[in-house]
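The residues making up each chain are set out below.
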Protein chains: 2
Amino acid sequence: MYTHIDTEIIDALKAIVGERGVVTDPDTMQPYSHDEFALAEIAHMPEVVVKPADVEQVAEILKLASQKSIPVTPRGGATGLCGGCVPSLGGISLSLERMTRVVEIDTANQMAVVEAGVSLSDFYTAVEEAGLYFPPHPGDEGAMIGGLIATNAGGARAVKYGVIRNYIRGLEVVLPTGEIIRPGGKLMKSSTGYNLVNLIIGAEGTLGVVTQAVIQLMPKPAVTRSLIIPYDDLQSAIDTVPDIIQAKIQPLAVEFLPREVVTITEKMLNQSWPCSVGTTYLLIILDAPSEAEMDKLSEAVAGVCLDHEALDVFVADSPQKQEQVLGIRSKIYEAIKDHNIETLDIVVPRAEIARHVARIQEVQGEHGLWLPTYGHAADGNVHTHIMSARLEGGEIVPLPEEEWKPRLEKVRAELYRDCRERGGMISGEHGIGLVKKPYLSYVLSPEEIALMRRIKQAFDPQGIMNPDKIF
Amino acid sequence: MYTHIDTEIIDALKAIVGERGVVTDPDTMQPYSHDEFALAEIAHMPEVVVKPADVEQVAEILKLASQKSIPVTPRGGATGLCGGCVPSLGGISLSLERMTRVVEIDTANQMAVVEAGVSLSDFYTAVEEAGLYFPPHPGDEGAMIGGLIATNAGGARAVKYGVIRNYIRGLEVVLPTGEIIRPGGKLMKSSTGYNLVNLIIGAEGTLGVVTQAVIQLMPKPAVTRSLIIPYDDLQSAIDTVPDIIQAKIQPLAVEFLPREVVTITEKMLNQSWPCSVGTTYLLIILDAPSEAEMDKLSEAVAGVCLDHEALDVFVADSPQKQEQVLGIRSKIYEAIKDHNIETLDIVVPRAEIARHVARIQEVQGEHGLWLPTYGHAADGNVHTHIMSARLEGGEIVPLPEEEWKPRLEKVRAELYRDCRERGGMISGEHGIGLVKKPYLSYVLSPEEIALMRRIKQAFDPQGIMNPDKIF
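Everything numeric here is computed off the predicted structure, so don't read it as measured data. (Residues numbered from 1 in each chain as written. Chains lettered and ligands numbered in written order. Predicted model: local features only at pLDDT ≥ 70, side-chain atom pairs only at ≥ 80, totals over all residues. Heavy atoms only, no water.)

As for the sheet that holds strand β4 (residues 92-95) of chain B
Residues and elements named next belong to chain B. Pairing within the open sheet is mixed, and its four strands lie in the order β1-β2-β4-β3. Two strands lie at the open edges of the sheet, namely β1 (22-23) and β3 (72-75), each paired on one side alone. Bridge count between strand β2 (residues 48-50) and β4: three bridges; the pairing is parallel. Following the sheet pairing, Val50 is matched in β4 by Leu94. Helix α3 (residues 55-68) rests against β2, β3 and β4 of the sheet, and its axis sits at about 165 degrees to β4. (Pairing = 2+ DSSP bridges. Helix = DSSP H or I, 4+ residues; strand = E, 2+ residues; numbered from the N terminus. Contact = heavy atoms within 4.5 Å. Axes fitted to C-alpha atoms, helices over the stretch in contact; angles between N-to-C directions.)

Listed below in C-alpha cells is the structure:
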C-alpha cells in the first residue's frame, strides 16, 4: 500500500528542504524512532527524517508524500508517552524542530502567534517578557506547541483555566494533500462554519500538520500560593477535593501525592519536602487578585481540609518556598522513571476519583506490581504508573521481565475497565497514539469509532498522515 | 433528490411519536416556517412538524428519513437570526420542544445533564436552585439548549468566561443514519480520539440532532457590579477597551451602546437610564470575590476610562440599580426590532473594533440607512443592525421598501469586506444559517469550505440533515 523511500524520493526531499534538512544516517535517525514511552518494542525507525523550515516546505513534502503514498509522521518535542510520533510504518519522520519562530506577541489583542516547533519553555519566556500569562502547564517544558495541540495537552492548572484547547484561537495546518488552511484567527468567538480548529486539536497529527498557532494569553494573576496538606490516608485526602470545589473555591491546581514517591524524589534531589508527617499529600495551588483575598482563600481551603482529618496545613507563601515544593513535585516522574513501564492517563468524573484510586490500590495488591499514582485530583485526571518493580520498605525492588511482563496487560485492562465503569476516558491529556489503541473500544462505541474513521477519510483519503495511530 | 411527505410517511411518523406529535395543519405549522430573521422571503413551510418525546423517537425518525431521503430540519427555541431552523427544502421540521427534562444537576461534579428542549430561562432557574452558576448569557432566554449548542452561542459574558463551547462536556447526538452516539461525559479533560463534541457544537444541526448535553457549571461569583461610562464620542469609548484589558482587568462583559438606541428604549419602557450626558456609553460588568476587591477593581476601571475622556462613571452597585440598567440594555433589540431588517454578527480581533465601527459609520453615511451598532466590545463581536429606516432628530423614520431593499446587500457586502480585511469572521455567535451563506467565501478559503463539505459527507452521506444551510 505504501511506497518505500528510494534515492529518487530522497533527492526530491533534498530539493524541497535542502541537504541539511534530510537525515538518512541510522545513528542520527535513531532518536526519531521513539518518544518517552518506556518499552523499546514500540520503537520503529523512520526511512528518512525531514526537517522543513517553513509552511511551504511542509506543503511540498506532503504533496510529494501523497503523490507517492508515503507515510508521514509529524514530530515535535517527542515528550509524548504513548508513541504518537513513532513512525511505526516507516516513511517520513517530519520534524518541526526548525520551525521555532515566535512570530508575534500581540499585546493589544493578547494573542501570540508561534510556529509549531517552539518549545513550551521558550513560549513561556516570550509570553512573560511581554508581561502576559499562558495558564496551562503540561508537565514537560521540552514539549513543542505542535505536540501540545496534537494531544490537547492539559496539566495541573486545567482545573481553573482549562486545557490547551481553550487557548487555541487559530491554526495554520497543512492538509495531507499539501493544501494549506488557516482556520480561526485572533478571535475570541466564531460561529462561521464547522470548527476545524477544534477538530484538529487533539487529533494527534492524523488529520494534518499544524505549522503555526494563534494562542490566547491572559493577564497574570496577582498572587499565587501553594498549600501542602498531609493526611494519614489517601481516601481522606481525595475525599477533601469535591468539598473544596463545593465550597465554591476554584483552585488553580489540586494534586495528590503519596509520601512514598515524595521520599524517593527527596533522596534523588537531596532536598527536603517541608512536611514530615502523613502518608499522602494534597498540593493545592491558589491564585487571587490580592494578598488579602489570598489569605481568605487559604483559610477557607485549610478549613475544608482540617474538616477532612488533615494533619496540618503547610503554606508556601514565599517564592522560595513555592519553588522548593513545586521543584520536588516536578521531579517525581524523573525519580521513578527508570522502573516505570507506562504512565496511564485515565480521566474520570471528579467525584469518582476516590473510588477509582481505591480500585488501583486493590489491583496493586492483586497483581504485586507497584502502581504509584498521583495526579490532578480536581479535574479527575489520574496518572497511575505501572512499574516493573515492587516497593519494599520505601525502596524500589526491580522485578525480572518474566515477572512484570505478563502482569502489565492485566493491570492495564483492569484499570481501563474501572475507568469505563465510572464514565471515564482512557486518556485525559496524553492521547491514544500507538499504546492505547487496543483499548479505545473500551470507552468509545463502534459508531463513534466508525465516525472518526470517516472523518479521517475526509481529511486523508490515502491514509498517509500519521497512520497506525488512535484507531 | 428528496422524497415528498405522503400519507404513508405521516402514518409511519405517527407510529413513532404518536398522533399529538405530528402536525400537518398549515395554520399550526406556520410558526415553524421561520425564525427571528425579519424578512418573510426566507420563510418556508415544512411538509410536516414532528415532535419526538425522547432520543429513541428521534432515532426512529432519522432512520425513516434516511431510508426515504427526507430533509430533516431540527428546531429549538427558533430565536435564531439567520434562518438556521427554516425548513427551506420542506420535509420534516423536527421540533425538540417536548424534550424539556433537566435530567440531573450533579453538584458533586458541578455538571448539569439536560435535554435539548430545555429553555435557557428554565436552565438558569434549575442551576440557581442548585446553588450553582452557568456563566454564558446569550441574549434571548427563550433559546433552547440544543440551539445554543448548534450555534455555539456566546453573549456578553464571553469576555471573561468564554462561549457555550467551553461548558459543553458531553453530548447525546442522533446521527443522520439514526445511530445514537454519546461522546464526552462528565469530564474536565479528554484526549481520547477526535473531539466529536466540539465538532458538533456550532455545526448548526447539519451533522446530527443534539438530544441531550452534559454542561459544566461553576460556583457563582460573590459580587457583580455594573458600571456605565458616558463619552462624547464613540471612538474614545471603544478606544478605552483594549486599555482596560491591558491593565490586566478581566471584565465579565464590556458593551458599547450609542445614546440614540438607549433613548428609544427608555421611551418604549417608560424608564430612565441613569446617565443623561454623553452620546455613547460603555456598560462594563465586573465580578470579584469580595466587596473590597470589587471597589479596587471598579476604581481601576474608572481610572482607565477617565484617562480616555470619559465624562463620568456611574456605578450600579445595588441589585436594584443593576437590574434597571441591565433591563434597559436587554430591551434595546425589542425597541428597534420593528424596523430592523437584519442583525449582523461580525467578529473582529478586539483591537480592530474601533476601526471597524468607524467604517460602519462611513457606510451609514454613504448609503443613507440607519445602522445602529452595539455589542460586545471586549470580545470583538459587533452587532450592526441594518434598518429599513433613517434616524432623524432621535426619531425612527421608516423608508419604503424600494429605497432600503437595493441598499441592503450593498451594506452587508461592504461590512463583510471590512470584516475580512481586519481578519474577522462573519459570525461570532449566531451562525451562518441561510442568510449568511452567500458570504461564507468572503472569510473562508475554498479549501476550508471543501473540507467542511467532506466532513458533512462523512456524517450525512445522503444530505438529509438540515440541508441548504452554512454552505
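Quick look at the interface of chain A and chain B
Residue-level contacts link 82 residues of chain A with 82 residues of chain B. Between chain A and chain B lies a buried interface of about 6600 Å² when both sides are counted; carbon and sulfur atoms form 59% of it. Considering only the surface of chain A that becomes buried against chain B, A:Lys189, A:Ser191 and A:Tyr194 emerge as the three largest contributors, covering 15% of it. At the junction of chain A and chain B, the tally comes to four salt bridges. Among the ionic pairs, A:Glu429 bridges to B:Lys189, the shortest N-O distance being 2.7 Å. Inspection of the region where chain A meets chain B yields 31 residue pairs in polar contact (both at pLDDT 80 or more). Residue assignment for the side of chain A that touches chain B shows that the elements contributing at least two residues are α6 (158-161), α7 (196-200), α8 (234-246), α10 (291-307), α14 (440-443) and α15 (446-459) of chain A. Looking at which element gives the most residues to the side of chain A that touches chain B, the answer is α15(A), with nine residues. Classifying every residue of the side of chain A that touches chain B gives 35 nonpolar, 30 polar and 17 charged. (Buried area = accessible area lost by both parts, 1.4 Å probe. Salt bridge = Lys/Arg side-chain N within 4 Å of Asp/Glu carboxyl O. Polar contact = N/O pair within 3.5 Å; in protein donor to acceptor, adjacent residues only side chain to side chain. Nonpolar A, V, L, I, M, F, W, Y, C, P; charged D, E, K, R; others polar.)

Let's talk about the packing of helix α12 (residues 353-367) of chain B against helix α13 (residues 401-421) of chain B
Residues and elements named next belong to chain B. Taken N-terminus to C-terminus, the directions of α12 and α13 make an angle of 160 degrees; their axes are 10 Å apart at the nearest point. It follows from the interaxial angle that α12 and α13 lie roughly antiparallel. Classified by chirality, the crossing of α13 by α12 is right-handed. Contacts from His356, Arg359, Ile360, Val363, Glu366 and His367 of α12 reach α13 at Arg407, Lys410, Val411, Glu414, Leu415, Asp418 and Cys419. Of the residues contributing to the contact of α12 with α13, the split by class is five nonpolar, two polar and six charged. (Parallel < 35°, antiparallel > 145°, perpendicular 65-115°, else oblique. Left-handed = near helix turned anticlockwise from the far one by under 90°.)

Some words on the packing of helix α1 (residues 7-17) of chain A against helix α3 (residues 55-68) of chain A
Residues and elements named next belong to chain A. Orientation of α1 relative to α3, taken along the N-to-C sense of each, is 160 degrees, at an axis distance of 9 Å. Compared by their axis directions, α1 and α3 come out roughly antiparallel. Regarding α1 and α3, the two cross each other, and that crossing is right-handed. Together, Glu8, Ile9, Ala12, Leu13, Ile16 and Val17 of α1 and Gln57, Glu60, Ile61, Leu64 and Lys68 of α3 make up the contact between the two elements. Classifying every residue of the contact of α1 with α3 gives seven nonpolar, one polar and three charged.

Topic: α8(A)
Residue and element names in this part refer to chain A. Every buried residue of α8 is listed here: Leu234, Ser236, Ala237, Ile238, Thr240, Val241, Pro242, Ile244 and Ile245. Turning to α8, the residues buried within the fold contact β10 (223-231), β11 (253-258), β12 (280-288), α10 and α12 (353-367). Positive phi shows up at Lys248, right after α8, with a value of about 65 degrees. (Buried < 20%, exposed > 50% of the residue type's maximum accessible area, 1.4 Å probe, protein only.)

Details of the environment of A:Arg182
Position of A:Arg182 among the secondary structure elements: in the loop between β8 (180-181) and α7. Placed 266 residues apart in sequence, A:Arg182 and A:Glu448 show a C-alpha to C-alpha distance of 27 Å. If we skip the residues at most four places from it in the chain, A:Arg182 touches A:Val55, A:Leu171, A:Glu172 and B:Glu448. Engagement of the side chain of A:Arg182 in a polar contact is seen with the side chain of A:Glu172, the distance being 3.0 Å.

Remarks on the relation of the copies chain A and chain B
Turning chain A through 180 degrees and shifting it by 0.0 Å along the axis lays it on chain B, with an RMSD of 0.0 Å. What the rotation and shift describe, once combined, is the action of a two-fold rotation axis. (Least-squares fit on C-alpha atoms with pLDDT ≥ 70 in both.)

What about the packing of aromatic side chains?
All names here are of chain A. For the structure on display, the rule yields 16 aromatic pairs over all chains. On the numbers, 5.6 Å between centres and 55 degrees between planes, the contact of Trp273 with Tyr281 is tilted. For Trp273, a relative accessible area of 5% corresponds to the buried category. Of the aromatic side chains, those joined through ring pairs into one cluster are Phe123, Tyr124, Phe134 and Tyr167. (Phe/Tyr/Trp six-rings, centres within 6.5 Å; stacked < 30°, edge-to-face > 60°.)

Description of empty space enclosed by the protein
Per the stated rule, a full pass over the model turns up three cavities of 30 Å³ or more. The space that makes up the largest cavity amounts to roughly 60 Å³. Along the walls of the largest cavity sit A:Gln110, A:Met188, A:Gln216, A:Leu217, A:Met218, A:Pro219, B:Val159, B:Ile245, B:Ile249, B:Gln250, B:Pro251 and B:Arg350, which together make up its complete lining. Of the residues assigned to the lining of the largest cavity, the class counts are eight nonpolar, three polar and one charged. (1 Å grid on protein atoms, 1.4 Å probe; cavity = no way out; pocket = protein on both sides within 12 Å on 5 of 7 lines; lining within 4 Å. Points joined across faces, edges and corners; volume = space filled by probe spheres on them.)

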